[in-house]
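# Remarks on the overall topology
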Amino acid sequence: MGTAIITSQLSKDYGQGRGLNDLSLTVTEGEIFGFLGPNGAGKTTTIRLLMGLIRPTHGTATLFGHDCWTDAVALKHMVGYIPGDLPAFGGMRGHDVINYVAGMRRDADLSFATSLAERFELDLRMRYREYSRGNKQKLAIVLAFMHHPRLLILDEPTGGLDPLNQMEFRKLVHEVIAKGATIFLSSHILAEVEETCDHIGIIRNGSLVQVTELDTLRSMQRKAVTITFEHEVPVKQLAGIASINDLVTTETSATFTISGAFGPLIDALNGAHVREFTSHEPTLEEIFLSLYGTK
């Protein structure tokens, strides 16, 4: 396998410590690379640099060996792009937007675009300004995929989509990967990352913290738990569980985070009168803030 993306000390200085700092990473052809981090970490700046929309302060970036700035026009034929901020097409109808973009690209597959719209139940007869946030996102997906790009650079691609359409998007991703495409994906949706990505790059405050495989990311997760008891909280039993952190109790409730299996917790609750037990996986932002702090 060759390399789809290579960056070397890629930087963008916006001043006052904001921007991107010496990003060096490699994305292999045929993989789905998840690029993750809290808001403001530098994900969108990286994507705009890769798309040649802004120029770096220093450093280099190439897509399939082509420079992202000097070869920007040629690269547009190889790349499908979903921006974080969707463009506005005003009163144009959905099919007019597709034809307009296809006319500029000259390599779009209009029959495939129509099938994608049908697949995501997008009414192309409606005017763009009449679309909901989700329907605008569906149109962005159609525009990004309709020319069968070799590389897809996607900034929060499922924002505004309902769970069914998020699932359909993940199916589409696996289909294009099976045909040899490469995907660089920025997302906050943990299920999207778990079901699609091969490797994960974690960025914080403009700097790459680490590149890891998906299994490592899963091991980072802690579940948030809230338990309400009929009577008093068994504080000593809960405090004695090594996998529990951030324990906060009231007279009849306990909240905490837990890593690993629930077995020790269940054993500790033996004999306690539990009225309600809830748990949920943290968002990616919560994971990153717990791992790397806010300072």
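The preceding data block contains the structure.
Residues numbered from 1 in each chain as written. Predicted model: local features only at pLDDT ≥ 70, side-chain atom pairs only at ≥ 80, totals over all residues. Heavy atoms only, no water.

The end-to-end C-alpha distance of helix H3 (residues 94-105) is 17 Å, a good match for the 16 Å that twelve residues give at a rise of 1.5 Å each. Those residues of H3 that fall on the buried side of the exposure criterion are Gly94, Val97, Ile98, Val101, Ala102 and Arg105. The arc that holds the buried residues of H3, viewed along the axis, is 130 degrees, so those residues lie on one side. If you follow the buried residues of H3, they end up packed against helix H2 (72-76), strand E6 (79-82), helix H4 (110-119) and helix H5 (133-145). Directly beyond the C-terminal end of H3, a positive phi value near 65 degrees is found at arginine 106. (Helix = DSSP H or I, 4+ residues; strand = E, 2+ residues; numbered from the N terminus. Expected span 1.5 Å × (residues − 1). Buried < 20%, exposed > 50% of the residue type's maximum accessible area, 1.4 Å probe, protein only. Arc of directions from axis to C-beta. Contact = heavy atoms within 4.5 Å.)

Let us now look at the sheet that holds strand E9 (residues 199-204). Strands pair in a sheet through their backbones, by hydrogen bonds, and they do so in one of two ways: parallel or antiparallel. Read across the sheet, six strands follow the order E6-E7-E8-E3-E9-E10 without closing on themselves; strand pairing throughout is mixed. Of all strands in the sheet, those with a lone pairing partner are E6 and strand E10 (207-213), marking the two edges. Adjacent strand axes in the sheet meet at a mean angle of 15 degrees, parallel and antiparallel pairs treated alike. When strand E3 (residues 32-36) meets strand E8 (residues 182-186), the two strands line up parallel, connected through four bridges. Following the sheet pairing, isoleucine 32 is matched in E8 by isoleucine 183. (Pairing = 2+ DSSP bridges. Axes fitted to C-alpha atoms, helices over the stretch in contact; angles between N-to-C directions.)

This brings us to the nonpolar core. Core analysis: the largest hydrophobic core is formed by 41 residues, its most contacted members being Ile98, Leu139, Ile141, Leu143, Phe145, Leu154 and Ile183. Secondary-structure elements contributing two or more residues to this core are E3, H3, H4, H5, strand E7 (151-155), helix H6 (163-178), E8 and E9. Per-element tally for this core: the top contributor is H5, with seven residues. Look past the residues within four positions of leucine 139 in its chain and what remains in contact with it is Gly94, Val97, Ile98, Leu122, Leu124, Tyr128 and Tyr131. One finds Ile5, Leu49, Met51 and Leu63 within the second-largest nonpolar core, a separate group that totals 26 residues. (Core = buried A, V, L, I, M, F, W, Y, C linked by side-chain atoms within 4.5 Å.)

Quick look at the packing of aromatic side chains now. Within a pair of aromatic rings, the relevant descriptors are the distance that separates the centres and the angle that separates the planes. Under the criterion given, the structure shown has six aromatic pairs. Ring geometry for phenylalanine 89 against tyrosine 128: centres 5.3 Å apart, planes inclined by 85 degrees, an arrangement best described as edge-to-face. Of the two residues, phenylalanine 89 is situated in the loop between E6 and H3 and tyrosine 128 in the loop between H4 and H5; the sequence distance between them amounts to 39 residues. These aromatic residues form a ring-pair network of at least three members: Phe33, Phe35 and Phe184. Taking the ring centre of phenylalanine 64 as reference, the NZ or CZ of arginine 150 above it sits at 3.8 Å. (Phe/Tyr/Trp six-rings, centres within 6.5 Å; stacked < 30°, edge-to-face > 60°. Lys NZ or Arg CZ within 6 Å of the ring centre and 35° of its normal.)

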